[in-house]
Amino acid sequence: MPSISELIEKYIKKLIQDSSYDYIELQRNELAAQFNCVPSQINYVLSTRFTSENGYIVESRRGGGGFIKIIKIPLDRHDDPAAQIYRLVGDNINQSQADKIIKRLLEEKFITYREARIFRAVIDRNTLSIELPWRDNLRAQLLRAMLGAIFRD
């Protein structure tokens, strides 16, 4: 059974997908009431699931029910998506950040589900059994190499 956070995330993503634009505007309190949760649960979902690594910008204003604008930033297929991803990866990346990037590539259909599983297996902390900070550096190198192979065409 999905958690309340997963349900809220799916609901918001569906709203964005159905929108004529690449953004939606919501009231935090109304969304909390709809899911029978506290507004801080909405904040948690926004801060963990709708980050720039995941391809979103969240604009928020307090007061008056808590206005929220969620903007989907698609990878620009015309402006070298590989360069955009390379900038996100950087010279070192932790497993959580890497997982978010892989999830985004999967959602935007740059990679298949099978490729995502392979990426995750290669960059997993159990696979990279070396100490930090070298592990995060190696993870970034491997992720950039795999992305290079994907984007080479």
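The structure presented is a predicted model; accordingly, all values stated were derived computationally and were not measured.

A. Seen up close, the pairing of strand E1 (residues 23-27). A one-sided burial pattern is seen for E1, the buried positions being Ile24 and Leu26 and the unburied ones Tyr23, Glu25 and Gln27. Two strands pair when backbone bridges link them, and E1 and strand E3 (residues 67-72) are joined in this way by five bridges, in the antiparallel orientation. Note that in E3 the partner of glutamine 27 across the bridge is phenylalanine 67.

B. Summary view of the packing of helix H5 (residues 95-107) against helix H7 (residues 134-151). Two numbers describe how H5 lies on H7: the axes approach to 11 Å, and their chain directions differ by 10°. The orientation of H5 relative to H7 falls into the category roughly parallel. Here H5 contributes Gln95, Ala98, Ile102 and Leu105 to the contact with H7, which in turn contributes Arg139, Leu143, Leu147 and Phe151. Its residues placed into classes, the contact of H5 with H7 shows six nonpolar, one polar and one charged.

C. Up close: the sheet that holds E3. What the three strands build is an open sheet, ordered E1-E3-E2; its pairing is antiparallel. Taken across any chain shown, the strands that pair with only one partner, and hence form the sheet edges, are E1 and strand E2 (56-61). Here the strands of the sheet are splayed against their neighbours by 15° on average, with no regard to which way each runs. In this structure, E2 lies alongside E3, joined through six bridges in antiparallel fashion. Bridging across to E3, isoleucine 57 finds its partner in isoleucine 71.

Rules used in this analysis
- Residues numbered from 1 in each chain as written.
- Predicted model: local features only at pLDDT ≥ 70, side-chain atom pairs only at ≥ 80, totals over all residues.
- Heavy atoms only, no water.
- Buried < 20%, exposed > 50% of the residue type's maximum accessible area, 1.4 Å probe, protein only.
- Helix = DSSP H or I, 4+ residues; strand = E, 2+ residues; numbered from the N terminus.
- Pairing = 2+ DSSP bridges.
- Axes fitted to C-alpha atoms, helices over the stretch in contact; angles between N-to-C directions.
- Parallel < 35°, antiparallel > 145°, perpendicular 65-115°, else oblique.
- Contact = heavy atoms within 4.5 Å.
- Nonpolar A, V, L, I, M, F, W, Y, C, P; charged D, E, K, R; others polar.

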